[in-house]
Amino acid sequence: MWPPPPPPLPALTRAEAEVVDAYLDVLDQLGRINPARGDDTYRGLRAAQALVPLATRLRDALTVMHTRGEHLLHAGTLERAIRVLDGERRATRVAPPRSPRG
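Residues numbered from 1 in each chain as written. Predicted model: local features only at pLDDT ≥ 70, side-chain atom pairs only at ≥ 80, totals over all residues. Heavy atoms only, no water.

Colleague: Any chance you could explain the packing of helix H1 (residues 14-33) against helix H2 (residues 41-67) here in plain terms?
Modeller: When two helices pack together, their arrangement is given by the angle between the helix axes and by the axis-to-axis distance. At a closest axis distance of 8 Å, the pairing of H1 and H2 adopts a crossing angle of 160°. Considering the angle they form, H1 stands roughly antiparallel to H2. The handedness of the crossing between H1 and H2 is left-handed. When the residues that make up the contact of H1 with H2 are grouped by side-chain class, the tally is 18 nonpolar, 2 polar and 6 charged. (Axes fitted to C-alpha atoms, helices over the stretch in contact; angles between N-to-C directions. Helix = DSSP H or I, 4+ residues; strand = E, 2+ residues; numbered from the N terminus. Parallel < 35°, antiparallel > 145°, perpendicular 65-115°, else oblique. Left-handed = near helix turned anticlockwise from the far one by under 90°. Nonpolar A, V, L, I, M, F, W, Y, C, P; charged D, E, K, R; others polar.)

Colleague: Help me understand the nonpolar core in this model?
Modeller: In a soluble, globular protein the nonpolar side chains are often hidden away together inside. By size, the foremost hydrophobic cluster in this structure holds 9 residues: Ala15, Val19, Ala22, Val26, Leu51, Leu54, Leu58, Ala61 and Met65. Looking at this core, the elements that each hand over two or more residues are H1 and H2. When residues of this core are assigned to their parent elements, the largest contribution, 5 residues, is made by H2. Those residues in contact with Val19 that lie beyond four places of it in its chain are Leu58, Ala61, Leu62 and Met65. Within the second largest apolar cluster, 5 residues are counted, among which are Val20, Leu24, Leu78 and Ala81. (Core = buried A, V, L, I, M, F, W, Y, C linked by side-chain atoms within 4.5 Å. Buried < 20%, exposed > 50% of the residue type's maximum accessible area, 1.4 Å probe, protein only. Contact = heavy atoms within 4.5 Å.)

Okay, here's the thing in structure tokens:
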């Protein structure tokens, strides 16, 4: 049996979609850097080096929105898009792991 299909993405402008994509890429890289989850300094170093162009991409996407006069973020819409794209699971990698003591 197949899992239920994910809900559809909300309508986003091209700039909003780029912000969401870039944000999730940055989030994924931060999860790879997380020293509480890693076992190798080299892996964290490589992930930190890869973070720079991803953060630049996020900055540029936000700059495009601002330059076009899109000064307000529609947080509810962007939140739905991030949830549909598995942002909650991706964000858990940034946080420290849960303590086994509960």
